[in-house]
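Listed here are the chains, written in short residue letters.
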Amino acid sequence: MTAPASPGKVYLVGAGPGAPDLVTLRAARLLAQADVVFHDALVHPDTLALAARAERVAVGKRCGRHSTAQRFINKRLVDAARRHAVVVRLKGGDPMLFGRAQEEIDALRDAGVAFEVVPGVTAALAASAELGVSLTQRGVARSVTFATPRVAPGTPENSWADAVATTDTAAIYMGAGEAAAVAGALRARGKPGNLPVVAIENASLPGARRWTTTLAGLPRLADESFEGPVMLLLGEVFADALVREQFLAASRTYLLQSAG
């Protein structure tokens with residue numbers, strides 16, 4: 001039996017990697033028109049401020065913290081579309097990349113609710129821009145893999161490491177908390193210990209921070225005091241960034257020893 005059509009429409013909108021001025025013009029227009037906005041935990045306050053007339057509802061998911069169950073989010077979107085003309089589901093980055101958009105799309109379809117997806121800038125691209133390093137540098141990389149080691153409770157392990165092991169450049173989402181396991185899995189599949197790795201925290205924001213190492217040194221990421229979202233980038237395209245960081249570290253050490 002087909003569900004009755006809903007008078008409203010749900011827009012799955014990408015909020016981008018963090019910086020409010022990286023949302024698309026379409027996203028900004030829809031936020032201004034929205035009656036209600038269901039938003040992720042890490043959406044910047046200035047981005048939410050674009051929805052000046054809307055009711056704003058936090059439905060974020062953060063590792064190790066209280067989060068909203070996906071089935072409850074799905075129901076709230078359907079219910080909101082039956083009461084409002086413009087419903088925005090605001091997701092960090094791009095909705096279609098590790099944003100659990102498919103569950104929401106399926107729920108909306110089953111309920112007969114019209115929807116539209118508005119793409120956003122994903123964190124891997126913002127991190128690449130932050131570094132000034134192309135993920136597909138000519139002559140070095142002709143393939144890029146977006147992967148995550150995270151799996152939902154009750155689901156089987158995924159093959160992320162197999163995919164990363166065969167690519168030139170990799171962007172690993174939600175992997176900072178499992179840095180040692182990530183390094184172990186990739187080295188077990190033949191990735192060299194001297195493979196350059198860069199961790200970028202809060203890409204696109206003024207407080208962005210980078211940490212450069214190798215695959216062998218990646219487990220030491222656990223000793224760093226990262227608090228914001230972290231993107232891991234791996235590949236030979238980051239070799240120059242690694243050399244620059246090693247030179248700067250050696251220079252700092254020399255200056256400190258000279259001063260002492």
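Please refer to the structure placed before this passage.
Residues numbered from 1 in each chain as written. Predicted model: local features only at pLDDT ≥ 70, side-chain atom pairs only at ≥ 80, totals over all residues. Heavy atoms only, no water.

**Q** Outline the sheet that holds strand 4 (residues 86–91), supporting the account with residue identities and numerical values.
**A** Strand order in the open sheet made by the five strands is 3-2-4-1-5, with parallel pairing throughout. Of all strands in the sheet, those bounded by a partner on one side alone are strand 3 (55–58) and strand 5 (114–118). Across this sheet, the average inter-strand angle for adjacent strands is 20 degrees, counted without regard to direction. Seen against the sheet, helix 3 (residues 70–81) touches strand 1 (9–14), strand 2 (36–39), strand 3 and strand 4 and runs at an angle of roughly 155 degrees to strand 4. Where helix 4 (residues 101–110) meets the sheet, it contacts strand 1, strand 4 and strand 5, and its direction lies at approximately 170 degrees from that of strand 1. (Pairing = 2+ DSSP bridges. Helix = DSSP H or I, 4+ residues; strand = E, 2+ residues; numbered from the N terminus. Axes fitted to C-alpha atoms, helices over the stretch in contact; angles between N-to-C directions. Contact = heavy atoms within 4.5 Å.)

**Q** A description of the sheet that holds strand 8 (residues 196–201) should follow, citing residues and the corresponding values.
**A** Ordered by their spatial adjacency, five strands build an open sheet running 6-7-10-8-9, and the pairing between neighbours is mixed. In the strand order of this sheet, the two ends are held by strand 6 (144–147) and strand 9 (209–214), each with one partner. On average, each strand axis in the sheet is inclined to that of its neighbour by 15 degrees, with strand direction left out of account. The pairing of strand 6 with strand 7 (residues 169–172) spans four bridges and is parallel. Bridge pairing in strand 7 places Phe-146 opposite Ala-171. Lying on the sheet, helix 5 (residues 123–131) is in contact with strand 6, strand 7, strand 8, strand 9 and strand 10 (230–235); it crosses strand 10 at an angle near 70 degrees.

**Q** Let's hear about helix 3: which residues, and what values?
**A** With twelve residues, helix 3 should cover 16 Å at 1.5 Å per step; its first-to-last C-alpha distance of 17 Å lies within 8% of that length. At its buried positions, helix 3 is contacted by strand 1, strand 2, strand 4 and helix 4. (Expected span 1.5 Å × (residues − 1).)

**Q** Can you break down the side chain of Thr-214 residue by residue, with the values?
**A** Considering the arrangement of structural elements, one finds Thr-214 in strand 9. Not counting the four nearest positions on each side in its chain, Thr-214 is found in contact with Gly-193, Asn-194, Leu-195, Val-197 and Leu-242.

**Q** Report on the pairing of strand 7, specifying residues and quantitative values.
**A** Of the two faces of strand 7, the one holding Thr-169 and Ala-171 and the one holding Ala-170 and Ile-172 are both buried throughout. Examined bridge by bridge, strand 7 and strand 10 share four bridges and lie antiparallel to one another. Of the residues in strand 10, the one forming a bridge with Ala-171 is Leu-233. (Buried < 20%, exposed > 50% of the residue type's maximum accessible area, 1.4 Å probe, protein only.)

**Q** Before we move on, can you summarise the packing of aromatic side chains with the specific residues and values?
**A** How two aromatic rings sit relative to each other is set out by the distance from centre to centre and by the angle between their planes. Under the counting rule described, the total for this entry stands at two aromatic pairs. Here the aromatic rings of Phe-98 and Tyr-173 are separated by 5.1 Å at their centres, their planes lie at 55 degrees, and the arrangement is tilted. Here Tyr-173 lies in the loop between strand 7 and helix 7 (179–188) and Phe-98 lies in the loop between strand 4 and helix 4, a separation of 75 residues in the sequence. For Phe-98, a relative accessible area of 37% puts it in the partly exposed group. Judged by centre distance (6.0 Å) and plane angle (65 degrees), the rings of Phe-146 and Tyr-173 are edge-to-face. Of the two residues, Phe-146 is situated in strand 6 and Tyr-173 in the loop between strand 7 and helix 7; the sequence distance between them amounts to 27 residues. Put simply, the rings of Phe-98, Phe-146 and Tyr-173 touch in pairs and so form one group of aromatic residues. (Phe/Tyr/Trp six-rings, centres within 6.5 Å; stacked < 30°, edge-to-face > 60°.)

**Q** Which residues make up the side chain of Thr-148, and what are the values?
**A** Turning to its location among the elements, Thr-148 is positioned in the loop between strand 6 and helix 6 (160–165). Within the local environment of Thr-148, its side chain forms a polar contact with the backbone nitrogen of Arg-150, the two atoms lying 3.2 Å apart. Here the side chain of Thr-148 touches Tyr-173 through a polar contact of 2.8 Å, landing on its backbone oxygen. (Polar contact = N/O pair within 3.5 Å; in protein donor to acceptor, adjacent residues only side chain to side chain.)

**Q** Run through helix 4, naming residues and quoting values.
**A** If you check which residues of helix 4 are buried, you get Ala-101, Glu-104, Ile-105, Ala-107 and Leu-108. Viewed along the axis of helix 4, the buried residues span an arc of 165 degrees, placing them on a single side of the element. Away from its buried face, by an angle of more than 90 degrees, helix 4 presents the exposed residues Arg-109 and Asp-110. Looking at the packing, one finds that the buried side of helix 4 touches strand 1, helix 3, strand 4 and strand 5. Just beyond helix 4, the residue with positive phi is Gly-112, at close to 75 degrees. (Arc of directions from axis to C-beta.)

**Q** I'd like a rundown of the packing of helix 3 against helix 4, residues and numbers included.
**A** Running from N to C, helix 3 and helix 4 cross one another at 45 degrees; their axes reach a closest spacing of 9 Å. The angle between helix 3 and helix 4 places the two elements in the oblique class. In terms of crossing hand, the pair formed by helix 3 and helix 4 is right-handed. Facing helix 3, whose interface residues are Gln-70, Ile-73, Asn-74, Leu-77 and Val-78, helix 4 presents Glu-103, Glu-104, Ala-107 and Leu-108. For the contact of helix 3 with helix 4, the residue count by class is five nonpolar, two polar and two charged. (Parallel < 35°, antiparallel > 145°, perpendicular 65-115°, else oblique. Left-handed = near helix turned anticlockwise from the far one by under 90°. Nonpolar A, V, L, I, M, F, W, Y, C, P; charged D, E, K, R; others polar.)

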